[in-house]
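Close look at the chain arrangement
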Amino acid sequence: MTRWFALIIFIFPTLLLAQTQPFWIENVVGAGFEADIIKIADYNSDGDNDIFFTDYPSNSIKILVNNGDGIFLLHDLYHDLDYLYDIFPIDFDNDGDVDILGIAAPDYYLLWWEYVGNNTFISHILTEPTPYSYAKKVYSCDLDLDNDNDIILSTINGIYYYINNGSYEFTEYHLVQTDYEAEDYDIGDINNDGYMDIVCSYLSFEKVTWWENNGDNSFTNHTVQDNIYCNQTVLSDINNDSYIDIVSIVTTIPIIGNRLAWWENNGNDSFILHIITDYDAIGQYISCSDIDYDSNIDIISSQCPGHDLAWWENVNSYDDVWNKHIIDGYTSQRLIYSANLDQDDLVELISNSSQGLLYYDQSITPHKVTPLNTIIGPDGGYISYSLIISNSRPVTYDDVNFWNEVLLPNGEIIGALNLETCTIHRYQTVSYNEIRQYIPNYAPDGVYLYSCILGYYPDVAFAIDFSFTKSADLRSQEPSEVPSLGEYYVEDWRNEAWETTDAQVTNLEPLPTEFSVSPAYPNPFNASASLTVSLPEPAELTVTVYDVLGRQVAVLANGQHSAGDHRLTFDANHLASGVYFVHAVVPGHIDQVQKVMLVS
């Protein structure tokens, strides 16, 4: 598993915030489920996005409700449906809560599950059995700008759309010249006219098109690219020019393998194809988000079995400069979605695998600081800075490395300098009042960039840079007396801070000293009860709830948890009154069952 940490670094003086690659932690949040559809929406309007998914073996709709602290509570919505081809969570009736649209077998009904409160949904059939077959994807938005939601549907016979008359009666339309299987589509305002357009890829038609919404319930077809296969189509403004671009996994004709590509929307109804990768083991699913917090849209892809989950960093989309970064080496991911799940302004990833649903959390919270230059004279001397390492999350990071690198005026980099190892405890801040770096007199004159880096060497998790200027050494010196870079820089650019500066440690919250589970409170309870599990060290934690017949009704925790106190909530709004049993297990430490009483 990839190690990670969420540390805030403040360095004074400083000039630049370096671009860094995030560390990720993998969490199994839906163990054992075979999710073949995953969607993201805020189910309970608490500001935290939740995970909607369908479980193939049970043909059911489930929601993992996010409590905002990395814990997800499982809610079962519907069981024993014949088959679900797609779902789409949306506030369909504009009443302030999230409903669900879906395509259900065997007759391809278009269904609306209306949320009516208390974790209860009412099913509505929006269309009778369709005259076509193999509906694949459902989406909803306001196509005609009349303040109600319409529906778009992809099928083996092309794209259909349904215009809502405001009373949830629908008029069906079929995009002409689309009697070909629609492989995928996405919705967005391509030409910035205020109307939502449709971009579609066709499997047997071997082309990508966009359908311009004319505003009168009709669409005009435009070709983006001929002689190409696309597995998925995603819209995003890749080059920050205010025009929506098209991202896809493409296979050109003749077939030469999958490539990651995007079409640049130049704003005059034409597109330019950019290939991001040569042949690569790209799978079928992609997602677009700003992973590294640099205002550029990056691309995440689940790759073919036997390969990695990765993201492509958008360094310079105009010049087609992209850097690939590995997130994880699992071999079974298929779906991939990106979203901010915990209100920390950072992107998290949700994927399915043979283990169940996986949730990848970023660890880095970037901070910018005030610029301040440092001047070193011709005789050499010291630069100095203060360092604050602040761990704001409930996890301890062991064997974290701190080191420096220096970018010389001639473009060469030296380091790692001053490589140190430390442990940053949960909710702990470590302050160094003065760190001094010696600059020798024979260092060349010019402007330097000095990097202060945290990570697991050599992997960088977070770095902040500041610049300093060294004046020329005017004394004469024979070339033979000047050491080479390899001889003097790493040895003589010594850092005295770890030897001379005492660290000031502030503990914001003490760690538990033993494994324990608190009694559920209140008990008896109405609607919900909470308990706290205390872990003095990271551990696998499973907390499940059973009824008197031994049936599992809720999963409160399942997977690796950090050291600390973990408050868990048993939400029983959807359950009948009676006795329930909460079973908490930490292998080797806790195996406890407590009885709770639900009264309503």
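Refer to the preceding data block for the structure.
1. Observations concerning the sheet that holds strand β40 (residues 528–535)
- Spatial strand order, β39-β40-β43: three strands in an open sheet with antiparallel pairing. Among the strands making up the open sheet, the edge pair consists of β39 (516–517) and β43 (564–571).
- Across eight bridges, β40 lies against β43 in antiparallel orientation. Paired with Leu531 across the two strands is Leu568, which belongs to β43.

2. Details of the environment of Thr374
- Within the secondary structure, Thr374 is located in strand β31 (residues 374–376).
- The spatial distance from the C-alpha of Thr374 to the C-alpha of Phe466 is 8.9 Å, given a sequence separation of 92 residues.

3. Notes on the packing of aromatic side chains
- For the coordinates displayed, the defined rule picks out 19 aromatic pairs.
- Ring plane angle 45 degrees and centroid distance 5.8 Å describe the contact between Phe92 and Tyr168, whose orientation is recorded as tilted. With Phe92 in the loop between β8 (84–90) and β9 (99–104) and Tyr168 in the loop between β14 (158–164) and β15 (170–174), the pair connects residues that are 76 residues apart, well separated along the chain.
- The structure contains a cluster of three or more aromatic residues connected by ring pairs, namely Tyr43, Phe52, Tyr115 and Phe121.
- It is Lys137 that lies over the ring of Tyr185; its NZ or CZ is 4.8 Å from the centre.

4. Observations regarding the side chain of Asn164
- The topology assignment puts Asn164 in strand β14.
- The class of Asn164 is buried, set by a relative accessible area of 1%.
- At 3.1 Å, the side chain of Asn164 forms a polar contact with the backbone oxygen of Asn149.
- The contacts of Asn164, once residues within four sequence positions are left out, are Asp144, Asp146, Asp148, Asn149, Asp150, Glu169 and Phe170.

5. Let's talk about the nonpolar core
- Counting residues in each nonpolar core, the largest one holds 31 residues, and the members touching the most others are Leu101, Ile151, Ile152 and Ile198.
- Elements with a contribution of two residues or more to this core: β8, β9, β10 (109–117), β12 (137–141), β13 (150–155), β14, β16 (182–188) and β17 (197–202).
- When neighbours within four sequence positions are excluded, Leu101 is seen to be in contact with Asp86, Ile87, Phe88, Ile90, Phe92, Leu111, Trp112, Trp113, Leu126, Val138, Ser140 and Ile151.
- Ranked by size, the runner-up nonpolar core spans 29 residues in total, among them Leu568, Phe570, Ala572 and Ala584.

6. A look at the pattern of salt bridges
- Following the criterion strictly, the structure yields five salt bridges and no others.
- Of the charged contacts in the structure, one is a salt bridge between Lys39 and Asp86, with a shortest N-O distance of 2.9 Å. Linking Lys39 in strand β4 (residues 35–41) with Asp86 in strand β8, this pair joins segments that are 47 residues apart in sequence. The residues Lys39 and Asp86 share a single accessibility class, namely buried.
- Lys62 serves as the salt-bridge partner of Asp76, at 2.3 Å between the closest nitrogen and oxygen. Remark: Lys62 occurs in strand β6 (residues 60–66) and Asp76 occurs in strand β7 (residues 72–78); sequence separation between them is 14 residues.
- You can call Asp76 partly exposed: its relative accessible area is 32%.
- The class for Lys62 is buried, based on a relative accessible area of 4%.

7. Some remarks on the pairing of β17
- For β17, the buried fraction is high: six of the six residues fall into the buried class.
- A two-sided burial pattern is seen for β17, the buried positions comprising Asp197, Val199 and Ser201 on one face and Ile198, Cys200 and Tyr202 on the other.
- Pairing of β16 with β17 involves six bridges; the strand directions are antiparallel. Its bridge partner lying in β17, Gly188 is registered against Asp197.
- Pairing analysis gives five bridges linking β17 to strand β18 (residues 207–213), with the strands arranged antiparallel. Opposite Cys200, over in β18, you have Thr209 as the bridge partner.

8. Let's talk about the sheet that holds strand β19 (residues 219–226)
- Pairing within the open sheet is antiparallel, and its four strands lie in the order β16-β17-β18-β19. Either end of the sheet is taken by a strand with one partner, and the two such strands are β16 and β19. When the angles between neighbouring strand axes are averaged without regard to direction, this sheet yields 20 degrees.

About the criteria used
- Residues numbered from 1 in each chain as written.
- Predicted model: local features only at pLDDT ≥ 70, side-chain atom pairs only at ≥ 80, totals over all residues.
- Heavy atoms only, no water.
- Pairing = 2+ DSSP bridges.
- Helix = DSSP H or I, 4+ residues; strand = E, 2+ residues; numbered from the N terminus.
- Phe/Tyr/Trp six-rings, centres within 6.5 Å; stacked < 30°, edge-to-face > 60°.
- Lys NZ or Arg CZ within 6 Å of the ring centre and 35° of its normal.
- Buried < 20%, exposed > 50% of the residue type's maximum accessible area, 1.4 Å probe, protein only.
- Polar contact = N/O pair within 3.5 Å; in protein donor to acceptor, adjacent residues only side chain to side chain.
- Contact = heavy atoms within 4.5 Å.
- Core = buried A, V, L, I, M, F, W, Y, C linked by side-chain atoms within 4.5 Å.
- Salt bridge = Lys/Arg side-chain N within 4 Å of Asp/Glu carboxyl O.
- Axes fitted to C-alpha atoms, helices over the stretch in contact; angles between N-to-C directions.

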